[in-house]
Structure formats: C-alpha cells, structure tokens
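# Structural characterization, general
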Amino acid sequence: MNKPELLVTAKSVAEAERLIDAGADAIYIGHQYYGLRVAGDFELPQIEEAVRLAHDRQAKVYVAVNALFHNDRLKTLPDYLQSLEQAGVDAIVFGDPAVLMTVWEIGLKLPLHWNTETTSTNYETVRYWAKKGASRAIVARELSLENVLEIKRRVDIEIQAQIHGMTCIFHSARKLVQNYLNHIGEEHVSTSPEANLYLKEKKEEETHYPVFEDINGTHIMSNEDICMLEHLPAFIDGQIDSLKIEGMYKTTEYLEQVTRIYRQAIDLYLQDADAFQAEVGVWLDEIKRIQPPERRLGTGFYFKEQIY
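Residues numbered from 1 in each chain as written. Predicted model: local features only at pLDDT ≥ 70, side-chain atom pairs only at ≥ 80, totals over all residues. Heavy atoms only, no water.

Looking at an unreviewed UniProt entry, the protein carries the name U32 family peptidase, with the source organism given as Caldalkalibacillus thermarum.

Spelled out as structure tokens, the structure:
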C-alpha cells in the first residue's frame, strides 16, 4: 500500500517550517499575483528560503501559479517561472493553459500539477492534461468520494484531494464587497483576509461564509470546514497520492496541531488498521476542541448526492 503525501498550505516561511516539523511532507505556497487564494504572499526570496528549509527536512514545495492570466500579467510570467525553477521548487500548480504554453516556449522542466477546480471532474479530462505533461491532477472539491476514487482508478498520474479545511464556493473578478462598501459610504474598510469579513444567511443565524478581496477579485469561502479524518482509510486504500490540508483563515497553532494529528493517523493506519479505528475518536475530539467556534466541521460534497 502506497503512503500518501500530506500536503499543507503555509502563510509564511516560519509557518512552513513548523508544519513540516509537525509532519507535512509538502507545503503549498504562492503569491496572489500568480496564484488564487494563497494563504500568504511569498516573494521570490521567501520562496527560495522555503525551498531550502523544506529540502533540508526532506519535504517538498509546490507553488501556486493557478491565476487566470490576462494579457498584462503574461509579461512577467516567463521570468517568474524561470525563477521558480532556479529556486528548485518541486512543482507548480496551474490551471490556465497560458502557464503550460509558457513552460514549453522557454524550455523549462518544472513538474506540473493541474488544477482548474471547476473542471477537474472526470477521468478523461485528467487524461487530456496528463498527455500535455501534467504529472498530477487536483480533483474538484465538488466531487463525491466515489467519483474521486474512480478517477484515480482510470488514470496514470497522481491524484490530489482535499481532506481538511475550507473551500471556495464563489469567485468573481469584480470587487463586489468594496463596491458595496462604497455604496453605503464605508470607503476605507479593509477587504483583505485579515479583516475577517463574512456573510451570514438570514434564515440561519449560525452561518459563516468568510469573504475577502485581493487583486484577483472577490472570494467567498465555505460555511464549514471539511474534516475527513475518520474516512482516511478510503483515500489510502484508494491509492490517492496526495492529501491536502487547506490552512486559509487558520492560526499556525491550529494548523500545526491538525497536521500532527493527520500525520499520526496516516502512519498508524498504514501500520495497524485496527489501532487506527481505536484512536480516531480521540483525534476527532481533539480537532473539535481546537476548531474555531464559528466554523462547523463536515464532509463537504464527499457523501452528498449531486443533482445535475
């Protein structure tokens, strides 16, 4: 049985170091100019530093280059990608074919992880991108667990799935929140993630949809955090190659503890499945204890029937 990679997002070099020491096999970083919904902006010197410390600890670094590129942003893309290769990053995560074309045109050897989020929903599309050079596909968060496992059975490249944390449920290139604030006369309110803005449903008082804006527009995040800890056996038995913990809106202390729990859970299941079942309740209680009170835990779409 293959041991899956445990991948965790990081907002800073210091956080990356702590997460690797807690058990992460790889970290996911980037900059909002080139990547969507990164936990923190990493400039090139910080990416280089993150690569050095990760490689010293036998961990990997993946950099988000999954923005939707307009013509003006293409101007700096070749130099940026070349700098990432020179820094020694282990892969870039892309969605826009412009990234693939640029990699080809300037002759880079960067490993490519394909992620368009909304269209990575079937094995034929994954096969298409595999033929274009992708070594990994990141499947859509809207898929059922059964669909994720079927894709893995039918393709010959790595598959990555999210197992913990929030997901994005809406994105627009327009600055919707800032436009609203301007409309009501609140022109100087921050709309960054640090502002902790969120939306609520009138019919359900406990809803909590974080919303923020950056240079890519408006992002509305899910009302609950995925927690697939007790369902890890299905991912591991199904040979899913990489399991991601999304760290947006979480403290370093929270992420460190969650990473350590998932590390213990994966390792124990591979050693002794019965021992895993005996411990999983204890781990779940620990996650519930540190979970932010406004953030419910759930299983996302993994067990929901989709209506087309």
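### Observations regarding empty space enclosed by the protein
The full count for this structure, using the stated rule, is one cavity of 30 Å³ or more. Taken as a whole, the largest cavity spans an internal volume of roughly 30 Å³. Around the largest cavity sit Val139, Ala140, Arg141, Val148, Ala161, Gln162 and Tyr302, which together line it. Classifying every residue of the lining of the largest cavity by side-chain character gives five nonpolar, one polar and one charged. (1 Å grid on protein atoms, 1.4 Å probe; cavity = no way out; pocket = protein on both sides within 12 Å on 5 of 7 lines; lining within 4 Å. Points joined across faces, edges and corners; volume = space filled by probe spheres on them. Nonpolar A, V, L, I, M, F, W, Y, C, P; charged D, E, K, R; others polar.)

### Digging into the sheet that holds strand S9 (residues 198–201)
Taken together, four strands build an open sheet; the order of strands is S8-S11-S10-S9 and the sheet is antiparallel. Each edge of the open sheet carries a strand with a single partner, namely strand S8 (168–172) and S9. Neighbouring strand axes in the sheet, compared pairwise and without regard to direction, differ in orientation by 25° on average. One ladder, built from three bridges, connects S9 with strand S10 (residues 204–214); its direction is antiparallel. Each residue of the ladder has a partner; that of Leu199, found in S10, is Tyr209. (Pairing = 2+ DSSP bridges. Helix = DSSP H or I, 4+ residues; strand = E, 2+ residues; numbered from the N terminus. Axes fitted to C-alpha atoms, helices over the stretch in contact; angles between N-to-C directions.)

### Some thoughts on a nonpolar patch on the surface
Judged by side-chain polarity, Ile169, Phe170 and Leu176 come together as a nonpolar surface patch covering roughly 240 Å² of accessible area. Considering the arrangement of structural elements, one finds Leu176 in helix H8 (residues 176–183). Among the residues examined, Leu176 registers a relative accessible area of 31% and is labelled partly exposed. (Patch = residues over 30% accessible without salt bridge, like charges linked within 9 Å, V, L, I, M, F, W, Y side chains within 5 Å. Areas by Shrake-Rupley, 256 points an atom, 1.4 Å probe, with all protein chains shown as cover. Salt bridge = Lys/Arg side-chain N within 4 Å of Asp/Glu carboxyl O. Buried < 20%, exposed > 50% of the residue type's maximum accessible area, 1.4 Å probe, protein only.)

### Digging into the packing of helix H10 (residues 252–271) against helix H11 (residues 273–290)
At a minimum axis separation of 9 Å, H10 and H11 run at an interaxial angle of 170°. The angle between H10 and H11 falls in the class roughly antiparallel. Taken together, the residues of H11 that come into contact with H10 (itself represented by Tyr254, Gln257, Val258, Ile261, Tyr262, Gln264, Ala265, Leu268, Tyr269 and Gln271) are Ala273, Ala275, Phe276, Glu279, Trp283, Glu286, Ile287, Arg289 and Ile290. Split by residue class, the contact of H10 with H11 holds 13 nonpolar, three polar and three charged. (Parallel < 35°, antiparallel > 145°, perpendicular 65-115°, else oblique. Contact = heavy atoms within 4.5 Å.)

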